[in-house]
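# Architecture and fold: a report
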Amino acid sequence: MKNKTTVNSLIKMKQENKKITMLTAYDYPMSVILNEIGIDIILVGDSLGMVVLGYENTLSVTVDDVIYHTKAVARGNSSAFLVSDMPFLSYKISIQDAVQNAGRMIQQGGAHGVKIEGGAGTSDIVKAMISADIPVKGHIGVTPQAIFQAGGYGLKGGSEKEAQKLLNDAKELEKAGVFSIVLEKIPQELAKEITESIKVPTISIGAGVYCDGQVLVTHDLLGMFDKFIPRFAKKYVDLRSVIKNAVSQYKQEVEEGKFPGKEHSYSIND
Ligand code: KIV
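Residues numbered from 1 in each chain as written. Predicted model: local features only at pLDDT ≥ 70, side-chain atom pairs only at ≥ 80, totals over all residues. Heavy atoms only, no water.

### Some remarks on the side chain of Thr202
- Relative to the helices and strands, Thr202 resides in strand E7 (residues 202-205).
- Take Thr202: its relative accessible area is 0%, and that puts it in the buried class.
- Residues contacting Thr202, with those up to four places away along its chain left out, are Ile181, Leu183, Ile194, Thr195, Cys211, Asp212 and Gly213. (Helix = DSSP H or I, 4+ residues; strand = E, 2+ residues; numbered from the N terminus. Buried < 20%, exposed > 50% of the residue type's maximum accessible area, 1.4 Å probe, protein only. Contact = heavy atoms within 4.5 Å.)

And the structure:
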């Protein structure tokens, strides 16, 4: 069985050049599967708003939504480091609010740490959470909770000015005490520079191969969500078609009286 992933084992993986694997999960069965494969970090991402709850973006997700899904994932988790995403407005109104909401993810949800979006401006929030013994993962580059402020999900760090800002954000987050940083949709050359400039692991989603690890939204990897498919999301299987095939076979067999057969039925003497 895989050893439990910890904040320290993740930093050791970076030091030893071992790639870190991270995926999202929102329920018990997926958590069990990711554990059986030995995925290092499971994220209960606020992407759940789009891929599970059917919202247009992540902004409608609440703290209670994330806790509900974290609880289910925690029941199936044995070895992964379990991170809950802090939803929109759950950590930027006040520091007290932020620590309280993050604490609920740990105490009620069963998470081991939380993730927040934002750069150097979130340093005080990170420090306050860490003072309360809550491990924090940063998230810079494209930050989907800022979709309206940014005007969309376009590449970040393309200009020299933006690249310098992101490099500074990563360094400030490291100073504040994050155990890792997600880099979303930035040029791979910049992701390499950031990765080489800090001691905590970087996890890429659309930030190229030079990061210390990779994350994908599991529904994208499985072909379960087709409303919005970013270029960086590799579809390893078309599970939507597999499911549609099975469900239409079931429908046809019921309509034709072929299901249930004898092997799925009971008799008085059974
Ligand atoms: O919400 C999410 O799933 C995320 C990942 C894309 C990193 O933040």
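### Focus: a nonpolar patch on the surface
- A cluster of nonpolar side chains, contributed by Val52, Leu53 and Tyr55, occupies part of the molecular surface with about 220 Å² of accessible area.
- Along the chain, Tyr55 turns up in the loop between helix H3 (48-51) and helix H4 (63-76).
- For Tyr55, a relative accessible area of 33% puts it in the partly exposed group. (Patch = residues over 30% accessible without salt bridge, like charges linked within 9 Å, V, L, I, M, F, W, Y side chains within 5 Å. Areas by Shrake-Rupley, 256 points an atom, 1.4 Å probe, with all protein chains shown as cover. Salt bridge = Lys/Arg side-chain N within 4 Å of Asp/Glu carboxyl O.)

### A word on the site of the ligand
- In the neighbourhood of the ligand, the contacting residues comprise Thr24, Leu43, Gly45, Asp46, Ser47, Asp85, Lys115, His139, Ile205 and Val217.
- In this structure, Ser47 approaches the ligand through a side-chain N or O atom, which is 2.5 Å from an oxygen atom.
- In the model, an oxygen atom of the ligand is placed 3.1 Å from a nitrogen or oxygen of the Asp85 side chain.
- Coverage of the ligand by the protein amounts to 94% of the 260 Å² it exposes when considered alone. (Near = heavy atom within 4 Å. Polar contact = N/O pair within 3.5 Å; in protein donor to acceptor, adjacent residues only side chain to side chain.)

### Let's talk about the side chain of Asp220
- Mapped onto the elements of the fold, Asp220 is located in helix H10 (residues 218-221).
- Within the buried set, Asp220 has no salt-bridge partner at all; the shortest N-O distance to an opposite charge, 9.1 Å, is to Lys235.
- Beyond its immediate chain neighbours, meaning those up to four positions away, Asp220 contacts Phe225, Phe228, Pro230, Ala233, Lys234 and Lys235. (Lys, Arg positive; Asp, Glu negative; His and termini not counted.)

### What about the domain arrangement of the protein?
- The domain boundaries assigned to the protein delineate domain 1 (7-237) and domain 2 (239-270).
- On a C-alpha basis, the centres of domain 1 and domain 2 stand 40 Å from each other. (Domains from an automatic or database assignment.)

### Observations regarding the packing of aromatic side chains
- The final tally for this structure, using the stated rule, is three aromatic pairs.
- When the ring of Phe81 is compared with that of Phe179, the centres are 5.2 Å apart and the planes differ by 65 degrees; the resulting orientation is edge-to-face. Of the two residues, Phe81 is situated in strand E3 (residues 81-85) and Phe179 in the loop between helix H8 (160-176) and strand E6 (180-184); the sequence distance between them amounts to 98 residues. This pair shows no difference in class: Phe81 is buried, exactly as Phe179 is. (Phe/Tyr/Trp six-rings, centres within 6.5 Å; stacked < 30°, edge-to-face > 60°.)

### Structural notes on the sheet that holds strand E4 (residues 113-115)
- Around the barrel, eight strands lie side by side as E1-E2-E3-E4-E5-E6-E7-E8; this closed barrel has parallel pairing. Taking the axes of each pair of neighbouring strands and ignoring which way they run, one obtains an average angle of 25 degrees across the sheet.
- Two strands pair when backbone bridges link them, and E4 and strand E5 (residues 136-141) are joined in this way by two bridges, in the parallel orientation. Pairing of Lys115 across the sheet is with Lys137, part of E5.
- Sitting on the sheet, H4 is in contact with strand E2 (41-44) and E3, with an inclination near 165 degrees to E3. (Pairing = 2+ DSSP bridges. Axes fitted to C-alpha atoms, helices over the stretch in contact; angles between N-to-C directions.)

### Some details on the pattern of salt bridges
- Going through the model one piece at a time under the given rule, you end up with 13 salt bridges.
- Salt-bridge contacts for Asp64 lead to Arg104; the nearest nitrogen and oxygen are separated by 2.7 Å. Taken together, the residues span a long stretch of sequence, with Asp64 in helix H4 and Arg104 in helix H5 (residues 95-109) at a distance of 40 residues.
- Overall, the relative accessible area of 48% leaves Asp64 in the partly exposed class.
- The partly exposed category is assigned to Arg104, whose relative accessible area is 27%.
- Its salt-bridge partner being Asp226, residue Arg240 comes within 3.3 Å of it at the nearest N-O pair. Here Arg240, found in helix H11 (residues 239-255), pairs with Asp226, found in the loop between H10 and H11; they are 14 residues apart in sequence, far enough to count as distant.
- Note on Arg240: relative accessible area 35%, which makes it partly exposed.

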